[in-house]
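Results of the structural survey
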Amino acid sequence: MPKKRIPKKIRQTELLEKIENEPFVTDEELSEHFHVSIQTIRLDRLELGIPELRQRIKKVAQKNYSKVTSLGEAEIIGELIDLNLNENAISMLETTEEMAFKRTSVVRGHHIFSMAESLAMAVINARVALTGVANMKYKTPVKALEKLIAKAEVAKIRGNKYFVHVKIYVKQEQVFRGKFILVSIEEE
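Read on for an overview of the structure. Note that the coordinates shown come from a computational prediction; the quantities given were computed from them, not determined experimentally.

1. What to know about the packing of aromatic side chains
- Tallying each qualifying case throughout the model produces two aromatic pairs.
- Judged by centre distance (5.9 Å) and plane angle (40°), the ring pair of F113 and F180 falls under tilted. You can see F113 sitting in helix α5 (residues 109-123) and its partner F180 sitting in strand β6 (residues 173-184), a full 67 residues away along the chain. Summarising the burial analysis for this pair, F113 and F180 share the class buried.
- With centroids separated by 5.0 Å and ring planes inclined at 65°, the aromatic side chains of Y138 and F176 adopt a geometry described as edge-to-face. In this pair, Y138 sits in strand β3 (residues 129-138) while F176 sits in strand β6, placing the two residues 38 residues apart along the sequence.
- Residue Y138 is classed as partly exposed on the basis of its relative accessible area of 38%.
- Sitting above the plane of the Y169 ring, K151 keeps its charged end 5.5 Å from the centroid.
- The ring of F163 has K156 sitting right over it, with the charged end atom 5.0 Å from the ring centre.

Rendered as C-alpha cells:
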C-alpha cells in the first residue's frame, strides 16, 4: 500500500530539518524517505535555497581544511568532513572508475591507503610529520563508484609520536583498517 502523500509545505519543512541533521544525505535517500521522485526533491531544494550534496560537502570541508597543520588542502585525499585536532577526524571519498582495475572494477589499494594515511596526518597537531609505521588490513574489496567514509582516532600521544587508528567504511561495512605511528619532526 503506497504511503500517504505529505503536503508540500510540511515536506519542505521536514526536508530542511533532515538536511540540517544529516548534511550528507543524498537526493536519492531523501526521495526514498519522503516517497517522492528525485526531481521533486531537487525542486524542493531549489525553492528552499539548499545546495546540492557536493556543494554542502565542500562548504563543511572548507571550514575544516583551515584547522589542518601538517598537510596542505590539496594533499588530503577525499573531502575533510570533520576535524578535532589530536582527537578524531572524518573524510569522504567518492571512488571513480579511473581508480579501479579495468577488468575487475576493484579500487586499487594505494587509493584507499592514501586516504587513510592523509587523514591520519591531518588529525594530528604537528607542523611536520612522517609515517613511521603503518599496519593495515584490507577487509573487503571496494568497487568503483562506491563512497568511502574514513574515520580517524588518535589513540595516544607519546612524546613526538602519535598513534592513530583509521577505519574506512562503505555503507557501514568496514573495508579497511590501519594503525599508524606518525612522528612529528621539529622544523629548524
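Picking up where we left off.
2. Looking at the packing of helix α1 (residues 8-21) against helix α2 (residues 27-34)
- Following both chains from N to C, one finds α1 and α2 inclined at 135°, their axes separated by 12 Å at the closest point. Comparing their axes, α2 and α1 come out oblique. Our pair here, α1 against α2, has a crossing hand that is right-handed. Residues R11, E14, L15, K18 and I19 of α1 touch α2, and the partners they reach there are L30, H33 and F34.

So, how was this worked out
Residues numbered from 1 in each chain as written. Predicted model: local features only at pLDDT ≥ 70, side-chain atom pairs only at ≥ 80, totals over all residues. Heavy atoms only, no water. Phe/Tyr/Trp six-rings, centres within 6.5 Å; stacked < 30°, edge-to-face > 60°. Helix = DSSP H or I, 4+ residues; strand = E, 2+ residues; numbered from the N terminus. Buried < 20%, exposed > 50% of the residue type's maximum accessible area, 1.4 Å probe, protein only. Lys NZ or Arg CZ within 6 Å of the ring centre and 35° of its normal. Axes fitted to C-alpha atoms, helices over the stretch in contact; angles between N-to-C directions. Parallel < 35°, antiparallel > 145°, perpendicular 65-115°, else oblique. Left-handed = near helix turned anticlockwise from the far one by under 90°. Contact = heavy atoms within 4.5 Å.

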